[in-house]
Amino acid sequence: MKSDYSRPLDLKHGRVDLSHGGGGRAMQQLIRELFARHLGNELLAQSNDGTVLPSQQGRLVMSTDSHVVAPLFFPGGDIGALSVHGTVNDVAVMGATPLWLSAGFILEEGFPLADLDRIVRSMAEAARHAGVQIVTGDTKVVEQGKGDGVFITTTGIGVLPDGIDLSGANARPGDAVLISGSIGDHGMAIMSQRENLAFDAPIVSDSAPLNSLTAALLASQIELRLMRDPTRGGLAATLNEIATQAGVGITLFESAIPIKPAVEAACELLGLDPLNIANEGKLIVVCAADSAPSALEVLRAHPLGREAAIIGTITADPNRFVQMQTRFGGRRMVDWLSGEQLPRIC
Amino acid sequence: MKFVDEFRDGQLAEGIAGAIRKTVEVNRRYHFMEFCGGHTHAIARYGIPDLLPDNVRMIHGPGCPVCVLPIGRIDLAIRLALEHGVILCSYGDTLRVPASNGLSLLRAKALVDKARGDIRMIYSPNDALKIARENPSRQVVFFAIGFETTTPPTAVALLTAEREGLQNFSVLCCHVLTPAAITHILDSPEVRDLGLVALDGFIGPAHVSTVIGSQPYEFFAEEYRKPVVIAGFEPLDVMQAILMLIRQVNTGNYRVENEFTRAVTREGNRKAQALVAECFELRKQFEWRGLGEVPYSALKIRERLAAFDAETRFNLTYQPVPDHKSCECGAILRGVKHPTDCKLFGMVCTPDSPMGSCMVSSEGCCAAHYTYGRHKDHPQGHATS
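It should be emphasised that the depicted structure is a prediction, and the values quoted were computed from it without experimental measurement.

K.L.:
I'd like to hear about the overall build of chain A, residue by residue, with values.
P.N.:
The number of helices and strands found in chain A is eight helices and 13 strands. In terms of overall dimensions, chain A is globule-like: its C-alpha atoms have a radius of gyration of 22 Å, near the 20 Å expected for 346 residues. A principal-axis box enclosing the C-alpha atoms of chain A has dimensions of 80 × 50 × 35 Å. The buried share of chain A, taken over its 346 residues, is 51%. Of all intrachain contacts in chain A linking residues separated by at least 6 positions in sequence, the fraction that spans at least 24 positions is 86%.

Have a look at this one:
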């Protein structure tokens, strides 16, 4: 008997239509010819309602993140890679080894299949690079005008060895605060695209998986208190979270904070504070003051941490204020961002 | 960052701070008003008060365009979007200013039926023109606010609309004038009669002065015997201007000095002034938040361009609305009170849920103090590790 013929997906000119989310043959075809083709692995190939994962030694860490960034493609990345990095990083900063991701897609009717193909390919590449597998997924299609191309939600699971506790509550007065590199790159890469700000060298997103960097820190003898990735709300928001959680104050040294000239210039033009701008491949490390030089060494030895710096210190402050010694010589608060400065940044 | 770092140099700042310490007379107190929100922001953001001796005090003035916008004006803009179904284009800062009925432009944006009206944030009046060209069947209104700095771009937008015959574009004009506000403060009973506000001089606006020049302030030095130093918005500019003001106070020789010579001339930008004169005329009265009705302090669109005046086109009538009765924005804008004198400050009024306009824009002195300076209100705020 001849097998049923189905015309292959037109990945050049085709577009998402409502049948691709309908649960019928069209959806199966989209999964087979696009998602499974790029993301395929033996776990995803189980093709059941759920994926059975092999048992692991240690505790599990789980984290989820939805991605709605506009534009979908930007210098230094795209929504596909970003959706992998975002979740991998949230698991990694807990001290865990990220292993598996789920991926939920909300597609808008009319979205070009060529773009979807490019996004999923980029996800696959990002997952390979980070050493994680996408083991289950879901696709829904909404009518034209009800979405914005594609939204992606990823959930990650990682394994946390016993004895590691990197809660934000661990910060203690006297500890050192480090950052793995320049701040504000991701947010300003998106912003400069949206506002058509042209620079001689375009601002490139720092979107990257941090799990090899966190692994290097964990493998060293550093007395680590906690790690965080300062995404939305930037360095300011993450440090305020830590101060609130641990009941401490933080003092930053403005002159020590690495920032690229183009990012600083773009922030200046748009009236934004780089401390509030999102990062997608930066790590904040809080460690005992004695360990700070070795932590800096480990960070700088890694390709993602070459510009790492010690940027501040944890203080005893019942008000839980984050403050900054300005380059100018004065002192000021570093507050949470109020309102929404940059919508749809990740 | 080239051309910017030079004006934020900590070592130079220390040098000027040293000169200020040497110049102040110990038995004298110095009270200077920085008129502009841009200066208020720089003072808070760079921690300038930390570098000043105790007897030099900065008083925040009313030069934050968003702060002085009365509730009634925001209500007009909201009505345009909700009732008249226009696409209202506004600068970002204005979106969060509290208006009547618990609304703001941002909240109204969530309410508006997008098929009829909309509220959109823009960076320039050109964006509003573009939206009008792209939506020929919709009415597009630019909510024009600000001092003399933002007025010329509005003039260009009006003239462009006239030239292109853009039938669906109009402007809700709320432009206000700096010298009128300074006069109003100097004539206020708190300064003149009651002596509640000691005012020994002004730091004059940076960007406003690039347009109007330094000449309009000469009146204040001559008639009111108050020194004025026009300064740029960088922290070193502010420090240098404070030093220049102290010198003038010490010698008793009051005049207008220009620290911001890299951008400001005595005459200002003649071309921009001509554009403004072509499009606008003085309003007899205009309500300012905090200052109340100030005569000849604002602009309206000239008769010739009435077709592009949203107030005429939509037959809008202005309805004044009093501020919340506990809100001290008025007194704060006149320099009579400090943000922390307000019961609402930091309690129910924060940048996330502002009650008064001074808590909205980053140029507002309540927002600046809350965001950058509130550690000083707590004795433990000066923490050490």
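The rest of the description comes next.
K.L.:
With reference to specific residues and values, describe the overall build of chain B.
P.N.:
Along chain B, the regular secondary structure elements total 15 helices and 13 strands. Taken over the C-alpha trace, chain B has a radius of gyration of 21 Å; the compact-globule value for 385 residues is 21 Å, and the two agree within 12%. Principal-axis analysis of the C-alpha atoms places the extent of chain B at approximately 65 × 45 × 45 Å. Looking at chain B residue by residue over its 385 residues, the buried ones come to 52%. Counted over contacts in chain B with a minimum sequence separation of 6, partners at least 24 positions apart contribute 76%.

K.L.:
Break down the interface of chain A and chain B for me, citing the residues and quoting the values.
P.N.:
Buried accessible area, meaning the area lost when the parts come together, often serves as the stated size of an interface. If you look at the interface, chain A gives 27 residues, while chain B gives 28 residues. Secondary structure elements with two or more residues in the side of chain A that touches chain B: strand S9 (249–253), helix H7 (261–270), strand S11 (309–315) and strand S13 (331–333) of chain A. If you tally residues by element for the side of chain A that touches chain B, the top one is H7 of chain A, at four residues.

K.L.:
Please give an account of the packing of helix H2 (residues 79–92) of chain A against helix H3 (residues 113–130) of chain A that cites residues and values.
P.N.:
Residues and elements named next belong to chain A. In contact at an axis separation of 6 Å, H2 and H3 are set at 35° when each is read in the N-to-C sense. The handedness of the crossing between H2 and H3 comes out as right-handed. In this structure, H2 contributes Ile79, Gly80, Ala81, Ser83, Val84, His85 and Val88 to the contact, and H3 contributes Ile119, Val120, Ser122, Met123, Ala126, Ala127 and Ala130. When the residues that make up the contact of H2 with H3 are grouped by side-chain class, the tally is ten nonpolar, four polar and no charged.

K.L.:
Break down the sheet that holds strand S12 (residues 322–325) of chain A for me, with residues and values.
P.N.:
Residue and element names in this part refer to chain A. On the basis of which strands lie adjacent, the open sheet formed by seven strands has the order S8-S10-S7-S11-S9-S12-S13 and mixed pairing. Looking at strand neighbours, the two that pair on one side only are strand S8 (224–228) and S13, the edges of this open sheet. Taking the axes of each pair of neighbouring strands and ignoring which way they run, one obtains an average angle of 25° across the sheet. Note: S9 against S11, four bridges, orientation antiparallel. Each residue of the ladder has a partner; that of glycine 249, found in S11, is threonine 315.

K.L.:
An account of the domain arrangement of chain B is requested, with residue identities and associated values reported.
P.N.:
All names here are of chain B. Under the domain assignment used here, chain B contains domain 1 (5–59 + 202–258), domain 2 (71–178 + 268–313) and domain 3 (329–371). Distance between the C-alpha centres of domain 1 and domain 2: 33 Å. Taken together, the contact pairs nine residues of domain 1 with nine residues of domain 2. Among the elements that line the side of domain 1 that touches domain 2, the one with the most residues is helix H9 (residues 207–212), at six residues. Split into classes, the residues belonging to the side of domain 1 that touches domain 2 amount to five nonpolar, four polar and no charged.

K.L.:
Lay out the domain arrangement of chain A with the relevant residues and their values.
P.N.:
All names here are of chain A. The assigned domain composition of chain A is domain 1 (18–160) and domain 2 (168–333). Each of domain 1 and domain 2 was reduced to a C-alpha centroid, and the two centroids are 28 Å apart. If you look at the interface, domain 1 gives 21 residues, while domain 2 gives 21 residues. Among the secondary structure elements, those contributing two or more residues to the side of domain 1 that touches domain 2 are H2, strand S4 (97–108) and H3. When residues in the side of domain 1 that touches domain 2 are grouped by element, the largest group, eight residues, is from H2. Residue composition of the side of domain 1 that touches domain 2, grouped by class: twelve nonpolar, eight polar and one charged.

K.L.:
Break down the nonpolar core for me, with residues and values.
P.N.:
In terms of nonpolar packing, the biggest core is built from 232 residues, with Met123, Val150 and Leu178 of chain A together with Val141, Val171 and Leu172 of chain B touching the most fellow members. In contact with valine 171 of chain B, other than residues within four places in its own chain, are Val141, Phe142, Ala144, Thr154, Ala157, Leu158, Ile301, Phe308, Asp309 and Ala310 of chain B.

K.L.:
Account for the confidence of the model for chain B, with residues named and values stated.
P.N.:
Residues and elements named next belong to chain B. Of the residues in chain B, 98% reach a pLDDT of 70 or more, and the chain-wide mean stands at 92. Scored below 50 in pLDDT, residues 381–385 shows 14 contacts in the model against residues more than four places distant or in partner chains. Quick note on the complex model: pTM equals 0.87, ipTM equals 0.79.

K.L.:
Lay out helix H6 (residues 151–164) of chain B in plain terms, naming residues and giving numbers.
P.N.:
Residues and elements named next belong to chain B. Compared with an ideal rise of 1.5 Å per residue, which puts 14 residues at 20 Å, H6 spans 20 Å between its outermost C-alpha atoms and is within 8% of the ideal. Burial in H6 covers these residues: Thr151, Thr154, Ala155, Ala157, Leu158 and Ala161. Buried residues of H6 fall within an arc of 160° about the axis and therefore sit on the same side. Those residues of H6 that are exposed and angled more than 90 degrees off the buried face are Arg163 and Glu164. Buried positions along H6 lie against helix H5 (125–134), strand S5 (140–146), strand S6 (169–175), helix H12 (270–279), strand S10 (280–282) and strand S13 (299–301). Backbone geometry just after H6 places glycine 165 at a positive phi near 60°.

Reading the values: rules and limits
Residues numbered from 1 in each chain as written. Chains lettered and ligands numbered in written order. Predicted model: local features only at pLDDT ≥ 70, side-chain atom pairs only at ≥ 80, totals over all residues. Helix = DSSP H or I, 4+ residues; strand = E, 2+ residues; numbered from the N terminus. Rg over C-alpha atoms; globule rule 2.2 N^0.38 Å. Buried ≥ 20, exposed ≤ 12 C-beta atoms within 10 Å, placed from the backbone. Contact = placed C-beta atoms within 7 Å. Axes fitted to C-alpha atoms, helices over the stretch in contact; angles between N-to-C directions. Left-handed = near helix turned anticlockwise from the far one by under 90°. Nonpolar A, V, L, I, M, F, W, Y, C, P; charged D, E, K, R; others polar. Pairing = 2+ DSSP bridges. Domains from an automatic or database assignment. Core = buried A, V, L, I, M, F, W, Y, C linked by C-beta atoms within 7 Å. pLDDT = per-residue confidence, 0-100. Expected span 1.5 Å × (residues − 1). Arc of directions from axis to C-beta.

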